[in-house]
Amino acid sequence: MSSSPADSATPATPDGSDAEHLDVLIVGAGISGIGAARYLKAELPGRSFAILEGREASGGTWDLFRYPGVRSDSDLHTLGYAFKPWRDRHAIADAPRILSYLRETATENGLDPHIRYRHRVLGASWSSDEARWTVEVERTDTGSRTTLTCGWLFSAGGYYRYDEGFTPRFEGREEFRGTIVHPQHWPEQLDYAGRRVVVIGSGATAVTLVPAMARTTAHVTMLQRTPTYVVPVPRSDLLANTLKTFLGQERGYALTRRKNIAQQRLVWRFCRKYPQAARRLIRWVNSRQLPPGYPVDLHFNPPYDPWDQRLCAVPDGDLFRAIREGRASVVTDRIARFTEQGLLLESGRELAADVVVTATGLNVQAFGGIRLTVDGREVRLPDTVAYKGMMLSGVPNFAFAIGYTNSSWTLKVGLLCEHFCRLLAHLDAHGYDTCRPQPADPGMPTRPFLDFGAGYVRRAVDSLPRQGDRKPWLTSTDYREDLELLRSGGVVDPELRFSRSTDRTRVTA
């Protein structure tokens, strides 16, 4: 069955009996959802599918975030898709360029008619007897609800909550006479030219905002409680542009992608194996980027090892340049309270501000907050274990795409999508309609699925799935290992149970 037009609505029915049925329902039209749909259409062209997107536009993160300077901190030769070369001369790209790339991908692969905007998935219920999900969908423009059914549900929305960011409670906030904004909800008409700005935070968003805003503000201060590792990277990849010039876009992109994958892996392994050497190297690089006598250890020397949290990349060292030129500064201190004129710090210092940006992080929400039930029983995510980093124990025909935290997101998503298509082809070839991961050892030790030190992960760890201590329940963070597991390895596994709904019906009849 072919998908209906992007804004069509199927009338809801209490039992879902008249609902439209699709082979695969993809949730999210961002970088993961567009990639998943392309793999599905290319590898299994006979499968019917739709992409449900709660917002009114595609692109996910790259359309949602509108704060100044928003860009990737991964190079687009690896953040981009393996099947579509990144042609721009900038390897570290801003959001509009990435968004154009994603939408071009969707159009080139005929995916636009499959995307249904303003369709938010509320919940999904699995029936083993029917081997299908019944999915409850809300139209965000009208509030009406519809019902769809599908053989497979594929969550491609990442793990951030897109309707709200994280802001801690600040004493005296209501007394501040200036403007307070969160990057996730940037006011389109905010005028900060010539004004004093304080950006609270030290992560990827903060180090992006500060140099971008410093171009027009009177001054911008990055106020951090704890330093972050910040590393300058070239905005343009000279070798990549040279290869593409002489070898063509396809071959040049492929070679650059292999080079950058190896480079990312080498940097990460070096940092993990030799943390003190990595710390000294990063400090040396920082000191060369900053003015003579600058207190590097106070502002750029974190108390944790490199890659305990993600490194922040700054293209062409723009943050350091803004500091050198006096347009930006860094303050490492804690906030005591807001005042009428700015922020009072625990040291007693007061920072005057006209605009305060709370770049204090995001909230994690697994699978877009979709409520899942299996045969009438609610799925509690902390009770599940991730299988190959793409399915959940005890949950049939449900897949998800979560990328790397230590490398480019899309590298892993691409491998997961390839494996997903191979899995569906295996089901077709053998007449199965259901597969359910199930650990052979119920007592297997587990740990958090996102085993990462970032604050947004720590706040949500008790609401997320787990991972095991062995394959296929151990979620790899190494691209080379995932190549073996997801691309070279087979889809048949003793801990993945295949079945036919007709067999179950015959037994229960």
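Structure's up top.
Just so we're clear, the structure is a prediction, and the values are computed from it rather than from any experiment. Positions within a chain are numbered from 1, following the residues in the order the chain's sequence is written. Predicted model: local features are reported for residues with pLDDT of at least 70 only, side-chain atom pairs are reported and counted for 80 or more only, and whole-chain, interface and lining totals are derived from all residues. In computing side-chain properties, one takes all heavy atoms of the structure into account and sets aside hydrogens as well as water.

Draft legend 1. Expanded view of helix H4 (residues 95-108). Its 14 residues give H4 an end-to-end C-alpha distance of 20 Å, which sits within 8% of 20 Å, the value for a rise of 1.5 Å per residue. Contacts between residues were defined by any pair of non-hydrogen atoms, one from each residue, lying within 4.5 Å. A run of H or I in DSSP counts as a helix once it spans at least four residues, and a run of E counts as a strand once it spans at least two, with each numbered from the N terminus. Considering only its buried residues, H4 is in contact with helix H1 (31-43), helix H2 (61-64), helix H3 (76-79) and helix H7 (249-273). Once H4 ends, the next one or two residues include Gly110, with phi positive near 65 degrees. Here a helix's expected span is defined as the number of its residues, less one, multiplied by 1.5 Å.

Draft legend 2. Up close: unusual backbone geometry. Cis peptide bonds are those with omega within 30 degrees of zero, and the linkage from Lys471 to Pro472 qualifies with 5 degrees. With respect to the element layout, Pro472 can be found in the loop between strand S26 (466-468) and helix H13 (479-488). The residue Phe367 is not glycine, and still its phi comes out positive at about 55 degrees. Position of Phe367 among the secondary structure elements: in the loop between strand S18 (362-364) and strand S19 (371-374). Using a relative accessible area of 7% as the deciding quantity, one classes Phe367 as buried. A positive phi angle is found at Lys388, which is not glycine, with a value near 55 degrees. Residue placement: Lys388 occurs in the loop between strand S21 (386-387) and strand S22 (391-392). Residue burial is assigned from relative accessible area. The probe radius is 1.4 Å, only protein chains are included, and a residue is buried under 20% of its type maximum, exposed over 50%, and partly exposed in between. The buried category is assigned to Lys388, whose relative accessible area is 4%.

Draft legend 3. View of the pattern of salt bridges. In the sections that follow, a salt bridge refers to a side-chain nitrogen of Lys or Arg positioned within 4 Å of a carboxyl oxygen of Asp or Glu. Going through the model one piece at a time under the given rule, you end up with 32 salt bridges. For Arg235, the salt bridge identified is with Asp316, shortest N-O distance 3.8 Å. Residue Arg235 is located in the loop between strand S11 (230-233) and helix H6 (238-247), and its partner Asp316 is located in the loop between strand S12 (312-315) and helix H10 (318-324); the two are separated by 81 residues in the primary sequence. Accessibility expressed as a relative area gives 44% for Asp316, which makes it partly exposed. Measuring nitrogen to oxygen at the nearest pair gives 3.8 Å for the salt bridge that ties Arg269 to Asp478. You can see Arg269 sitting in helix H7 and its partner Asp478 sitting in the loop between S26 and H13, a full 209 residues away along the chain. Classification of Arg269 as partly exposed rests on a relative accessible area of 43%. Judged by its relative accessible area of 6%, Asp478 is buried. Look at the salt bridges and you will find they share partners, linking Arg55, Asp63, Arg66 and Arg103 into a network.

No statement about biological role is implied by the geometric values presented.
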